[in-house]
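# Notes for the structure review
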Amino acid sequence: MARPNAEVEALLREYADLVAITGGDAFRARAYEKAARAIGGYPADISALDAEELRQIPNVGRSIADKVAEYLRTGTMAVVEERRARIPAGVRELIAIPTLGPKKALRLYEDLHISSVDQLAAAVEADALADLKGFGEKTQDNIRHGIELLRQAGARVPLPRALDTAEEIVGELSAVPGCERCAYAGSLRRMRETVGDLDVLVAAGRSAPFMEALCGLPATAEVIARGTKKTSVRTGEGLQVDLRVVPPRSWGAALQYFTGSKGHNIRTRTLAVHRGLKLSEYGVFDTGSGESVASRTEEEVYARLGLPWIPPVLREDRGEIEAALGEGLPELVTERDIRGDLHTHTDLTDGLAPLEVMVEAAAGRGYAYYAVTDHAPDLSMQRMTKEKVLAQRERLRELDGTRHGMRLLHGTELNIGPDGEVDWPREFLAGFDLCVASLHSHFDLGRAAMTRRLVRACENPCVHLIGHPTTRLIGRRPGVDADWDEVFAACARTGTALEVNAQPDRLDLCDEDILRARAQGVKFAVNSDAHCVPHLAHLRFGVGTAQRGWLTGEDVVNTWPLARLRRFLRKDGRG
DNA sequence: GCTTTGAAAAGCCTGATCACGAATGATCA
């Protein structure tokens, strides 16, 4: 994806926040947010556009187009610099704390001169907020809890951002003369949902040029340590990068070692010891003679331990060693196996792109089928009506099969009410090819009520798929509390699939829940939940999560041919 | 600040929930 779009999106979002904090017209702040979203979701690279062309993007008018053009030309945006000078960056960080918005942030800054999360935490502990108007006992509790949430995730970086940085660094280092191999390892290679630090590996005869190159990268803000075998830096975004340069003959062993996880490595080393071998980042060695017996490739290293090559996503010591030694590893679902996306939006509700544009882009991805699932009326801010959705259906039927033969399914994303009921009467729902049902409100009903609610939704014959089942937002909101084993059992019993939502801040269900649900025989759908064209590509993160949950093509309904998928959607349990 | 409607001005992502403090404003989906 084009980076300039993301940069401008971030900048406009920052400006929107600063406008909201400094007060004034709320609609102005919202206008910048809308423009930020439109530019972030714009399919083409904006860096080649002039102000006139920028105005063609929806929600970008004269004023914003000029500001963006200024940024693309000069690298800065004057109005943002002005506001930054008035409001310290830390004040904006405060509104990342759940339950704390722009108004409270400004009050904290103006009355108590608090301009960082750390200062706020200290002020709460010192009970310094008690005298502030609008900050009662409960608000302080919420702030305390919010800071805790933020800190749990704060040290780790979301998968896509880590991947961007890693690919950039790997690209740069691969171009350095003498580079035989270069790759990222660690939790990123295992596709964990967040990444603590980046492990980058180079195979080369001499290490100095690579250490030099890493320290000199534009992304590098600070050098933490610099040696001949290992160098650590921190990027401007605060991500630590550890570079290790190994001799080419040790490549496979080093890759295996630095990919981890810790648990997996302990198991493989123990396995080596039982075979009279020693496993390290330099190779597999015979304990008696000290001779290296394998090290060039991962396959070689695993083979020497009596194992097949194990995909990195499985290396968590969650039974992969036993499976590899016994019944065999699962044939993991891949992105290529996905025949269609079953949860996507258009600009009829909160998506950015029109139906035609989304369909065109989906066809470009080679899908055999594609479902459009805009929001239903109970999410009132989306202002959906029967008339609107029927008009969409008519247009969708016209487009069906006209783009590389891709078949279109008309669906909707329903809201599961507190009692487990969903929008629209049953007769009307029967007219959809596919209904996704999701929680969008009432997140703290208590475990028993939440479980009943979800089970009830599964039992609805019109509901085919539960969207982002726990509704967690990584680093911002924990998932809802329910007896998930009971919910999974209901899914299996009723033939309701669970979504693996690929939005990088959701990845919901997560890998561990997938493992539990799969054990009960639940089927899954890996969907992008795309709200614009670039989001369709997020599917890879969903597939990574599904793989971490050991899913095969057989487990994932949107790898199936359309005829089989349609049988599954009849919910008669025959799949 | 953008878009739409009608040519300058109105309307915009609404409505529930929560916390504070006694009717309202902030926050979030």
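Residues numbered from 1 in each chain as written. Chains lettered and ligands numbered in written order. Predicted model: local features only at pLDDT ≥ 70, side-chain atom pairs only at ≥ 80, totals over all residues. Heavy atoms only, no water.

Looking at an unreviewed UniProt entry, chain A carries the name DNA polymerase beta, with the source organism given as Streptomyces capoamus. Under Cofactor (unreviewed entry), UniProt gives the following word-for-word description of chain A: "Mg(2+)". (UniProt positions renumbered as here; feature names shortened; annotations may be inferred.)

## Things to note about the overall build of chain A
A tally of regular secondary structure across chain A gives 24 helices and 17 strands. Over its C-alpha trace chain A gives a radius of gyration of 26 Å, about what one expects of a compact globule, namely 25 Å for 575 residues. Principal-axis analysis of the C-alpha atoms places the extent of chain A at approximately 80 × 65 × 50 Å. Per-residue burial for chain A yields a buried fraction of 52% across its 575 residues. Of the roughly 25,000 Å² of accessible surface on chain A, 49% is carried by carbon and sulfur atoms. The centroid of the 75 positive side-chain charges in chain A is displaced by 1 Å from the centroid of its 83 negative side-chain charges. (Helix = DSSP H or I, 4+ residues; strand = E, 2+ residues; numbered from the N terminus. Rg over C-alpha atoms; globule rule 2.2 N^0.38 Å. Buried < 20%, exposed > 50% of the residue type's maximum accessible area, 1.4 Å probe, protein only. Areas by Shrake-Rupley, 256 points an atom, 1.4 Å probe, with all protein chains shown as cover. Lys, Arg positive; Asp, Glu negative; His and termini not counted. Charge placed at Lys NZ, Arg CZ, Asp CG, Glu CD.)

## Regarding the side chain of Asn 5
Looking at the secondary structure, you find Asn 5 in helix 1 (residues 3-21). Since its relative accessible area comes to 1%, Asn 5 is described here as buried.

## Considerations on the layout of surface pockets
Put simply, the second largest pocket is a space of about 380 Å³. What lines the second largest pocket is a set of 19 residues, among which Glu 193, Arg 472, Ile 474, Gly 475 and Pro 478 lie closest to the centre. Top contributing element to the lining of the second largest pocket by residue count: helix 9 (residues 137-154), with 3 residues. Tallied by class, residues from the lining of the second largest pocket come to 7 nonpolar, 5 polar and 7 charged. Residues from two domains meet in the lining of the second largest pocket; each of domain 1 (3-154) and domain 4 (335-569) gives at least three. (1 Å grid on protein atoms, 1.4 Å probe; cavity = no way out; pocket = protein on both sides within 12 Å on 5 of 7 lines; lining within 4 Å. Points joined across faces, edges and corners; volume = space filled by probe spheres on them. Nonpolar A, V, L, I, M, F, W, Y, C, P; charged D, E, K, R; others polar. Domains from an automatic or database assignment.)

## Regarding the packing of aromatic side chains
Scanning the model with the defined rule gives 7 aromatic pairs in all. For the pair Trp 560 and Phe 568, a centre-to-centre distance of 5.7 Å together with 90 degrees between the ring planes defines the contact as edge-to-face. Just as Trp 560 is buried, Phe 568 falls in that class too. Ring pairing ties together the aromatic residues Trp 424, Phe 428 and Phe 432, which thus form one cluster. Sitting over the ring of Phe 432, Arg 393 keeps its end group 4.7 Å from the ring centre. (Phe/Tyr/Trp six-rings, centres within 6.5 Å; stacked < 30°, edge-to-face > 60°. Lys NZ or Arg CZ within 6 Å of the ring centre and 35° of its normal.)

## Observations regarding the domain arrangement of chain A
In terms of domains, chain A is made up of domain 1 (3-154), domain 2 (157-246), domain 3 (251-325) and domain 4 (335-569). For domain 2 and domain 4, the distance between their C-alpha centres works out to 36 Å. Tallying the contact residues gives 9 residues for domain 2 and 9 residues for domain 4. When domain 2 packs against domain 4, the two sides together hide about 800 Å² of surface, and 63% of this comes from carbon and sulfur. Of all residues in domain 2, the largest losses of buried area upon contact with domain 4 belong to Pro 160, Met 191 and Glu 193, amounting jointly to 59% of the total for that side. Along the contact surface separating domain 2 from domain 4 lie 2 salt bridges. Looking at the side of domain 2 that touches domain 4 element by element, the count peaks at 4 residues for helix 10 (residues 159-174). Here the side of domain 2 that touches domain 4 is built from residues that sort into 4 nonpolar, 1 polar and 4 charged. (Contact = heavy atoms within 4.5 Å. Buried area = accessible area lost by both parts, 1.4 Å probe. Salt bridge = Lys/Arg side-chain N within 4 Å of Asp/Glu carboxyl O.)

## Notes on the UniProt feature "domain: Polymerase/histidinol phosphatase N-terminal" (unreviewed entry) in chain A
What UniProt calls "domain: Polymerase/histidinol phosphatase N-terminal" (unreviewed entry) maps, in this numbering, to residues 340-418. As a span, residues 340-418 carries 30% helix and 23% strand, and end to end its C-alpha atoms are 31 Å apart.

## Notes on the pairing of strand 17 (residues 524-527)
Here strand 17 shows no split at all, with Phe 524 and Val 526 on one side and Ala 525 and Asn 527 on the other all buried. The sheet contact formed by strand 16 (residues 497-501) and strand 17 spans 4 bridges and is parallel. Bridging across to strand 17, Leu 498 finds its partner in Phe 524. Read from strand 16 through helix 22 (residues 511-519) to strand 17, the crossover connection turns out right-handed. (Pairing = 2+ DSSP bridges. Right-handed = clockwise from strand over helix to strand, strands pointing away.)

## Comments concerning the sheet that holds strand 8 (residues 277-280)
Taken together, the 3 strands give an open sheet; going across it, the order is 8-9-10, and neighbouring strands pair in antiparallel fashion. Each edge of the sheet is formed by a strand with only one pairing partner; in this case those strands are strand 8 and strand 10 (292-294). In this sheet, adjacent strand axes meet at a mean angle of 35 degrees when their direction is disregarded. Of the pairings in the sheet, the one linking strand 9 (residues 283-286) to strand 10 comprises 2 bridges and is antiparallel in character. (Axes fitted to C-alpha atoms, helices over the stretch in contact; angles between N-to-C directions.)

## Some words on the UniProt feature "domain: Helix-hairpin-helix DNA-binding motif class" (unreviewed entry) in chain A
If you check UniProt for "domain: Helix-hairpin-helix DNA-binding motif class" (unreviewed entry), the listed places come out as residues 52-71, 92-111 and 127-146 in our numbering. End C-alpha to end C-alpha, residues 52-71 measures 15 Å, and it is 65% helix and 0% strand. For residues 92-111, helix accounts for 65% and strand for 0%, while the C-alpha atoms at its two ends are 16 Å apart.

## Focus on the environment of Arg 540
The topology assignment puts Arg 540 in helix 23 (residues 539-548). Distance from Arg 540 to Ile 321, taken between C-alpha atoms, is 25 Å for residues 219 residues apart in sequence.

## What to know about the pattern of salt bridges
In the structure shown here, the tally under the stated rule is 38 salt bridges. Among the ionic pairs, Asp 199 bridges to Arg 244, the shortest N-O distance being 3.1 Å. With Asp 199 in strand 4 (residues 197-203) and Arg 244 in strand 7 (residues 240-246), this residue pair connects regions lying 45 residues apart in the sequence. Exposure remark for Asp 199: the relative accessible area of 14% places this residue in the buried category.

## As for the nonpolar core
Grouped together as the largest cluster of nonpolar side chains are 60 residues, with contacts concentrated most on Tyr 370, Leu 414, Trp 424, Leu 454, Leu 498 and Phe 524. It is helix 17 (residues 355-364) that contributes the most residues to this core, 6 residues altogether. Ala 253, Leu 277, Tyr 302 and Ile 310 belong to the second-largest nonpolar core, a separate cluster that totals 49 residues. (Core = buried A, V, L, I, M, F, W, Y, C linked by side-chain atoms within 4.5 Å.)

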